Amino acid sequence: MKPMDLSGIFPPIPTPFVDGKLACDKLADNIAAWNATGLSGYVTFGSNGESVYLSDEEKLEVVKTVVQSAAPGMKIIAGTGCESTWQTIALTNRCARLGAHAALVVTPFYYGGRMNEAALLQHFTTVADQSEIPILIYNVTKFTHISVSVNLVARLSQHPNIIGIKDSNGNVSSLGEMVSRAAEDFSVLVGTAGALFGALTLGCAGGIVALANVAPKACVRICNLLKKGEIEAASKLQIKMLPVNTALTATYGVSGLKAALDMLGYYGGAPRLPLLPATDKEKTEIRDILKTAGLLA
């Protein structure tokens, strides 16, 4: 089934709620605005999409909305990873039938002590064998406390239906090793914008980065500058965006990301309980960070 072009920038989009209920109209409005920013596609219900708080039926509604709202040619990647291999396969194929082009499959983590290399190899291989669309491995150790080794990535990259990895650990050295050792038609995507510049210079295809929700044009520009060999300009822009990325990932998380979206003319709204919205103090701090980065007048 390979290859699929996964170059460029993909935002892991937040899921909008109104009074705790899924708000697909708000999602469609956000997609319409992002369509004009140069993004390569969208990732639905990943960590920033509050995946663990959504029912399967809500996830399908999100995929349907994004597929219908995305501009022609944009790739839709659905975050279909579940704790059980069979549940992952079922959700992946339901998303495929709604028009998702690929699936992002997080490492199972509940029985973390048993998720060794053999278990992960079996899980990803079985999902890939039975998935109707290509899959990407999702390595996000800060949430799962599981890490996919470079050796395992190299082995899985040989599977014809495993086309890439989103690695959110931010270790540029590890990303470079993955690029070096993986199959030629396998895409390594950096999962944090803090490492975007370094990852792209080492040969990563692109990024699935939370920053792209609030600064899509800046993230796309970093990619494009590097393609043109304008290293210094790309480096300066990366440095300018670092405080925003830190605020929206490490400091304030999903609540802060949603608050920033509201400030920038998108719909963020409140996260779903038990996550709490950003406080007034946090919103003031986020607003100042956005202003300093030139994202907010």
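For the structure, see preceding data.
Small disclaimer: the values here were computed from a predicted structure and weren't measured.

A.B. asks: Could you clarify how one ought to interpret the overall build of the protein in this entry?
C.D. replies: Looking only at helices and strands, one finds 13 helices and 10 strands in the protein. Taking 19 Å as the expected radius of gyration for a compact globule of 297 residues, we find that the protein reaches 18 Å, a close match to that expectation. For the protein, the spread of C-alpha atoms along the principal axes amounts to about 50 × 45 × 40 Å. Among the 297 residues that make up the protein, the fraction classed as buried is 55%. When contacts within the protein are restricted to residue pairs at least 6 apart in sequence, those whose partners lie at least 24 apart make up 73%. Accessible surface, the protein: about 12400 Å² in total, of which carbon and sulfur atoms supply 53%. Where the 25 positive side-chain charges of the protein centre and where its 24 negative ones centre are 3 Å apart.

A.B. asks: Whenever I open this one, the packing of helix α10 (residues 216-227) against helix α11 (residues 231-251) confuses me. Can you help?
C.D. replies: To describe two helices that pack against each other, one gives the angle between their axes and the distance between the axes. Relative to each other, α10 and α11 sit at 155°, their axes nearing to 8 Å. Regarding the angle of α10 to α11, the classification is roughly antiparallel. α10 and α11 meet at a crossing whose hand is left-handed. Between α10 and α11, the contacting residues are A218, R221, I222, L225 and L226 on the first element and I231, A233, A234, L237, Q238 and M241 on the second.

What counts, and at which threshold
Residues numbered from 1 in each chain as written. Predicted model: local features only at pLDDT ≥ 70, side-chain atom pairs only at ≥ 80, totals over all residues. Heavy atoms only, no water. Helix = DSSP H or I, 4+ residues; strand = E, 2+ residues; numbered from the N terminus. Rg over C-alpha atoms; globule rule 2.2 N^0.38 Å. Buried < 20%, exposed > 50% of the residue type's maximum accessible area, 1.4 Å probe, protein only. Contact = heavy atoms within 4.5 Å. Areas by Shrake-Rupley, 256 points an atom, 1.4 Å probe, with all protein chains shown as cover. Lys, Arg positive; Asp, Glu negative; His and termini not counted. Charge placed at Lys NZ, Arg CZ, Asp CG, Glu CD. Axes fitted to C-alpha atoms, helices over the stretch in contact; angles between N-to-C directions. Parallel < 35°, antiparallel > 145°, perpendicular 65-115°, else oblique. Left-handed = near helix turned anticlockwise from the far one by under 90°.

By themselves these figures say nothing about function.
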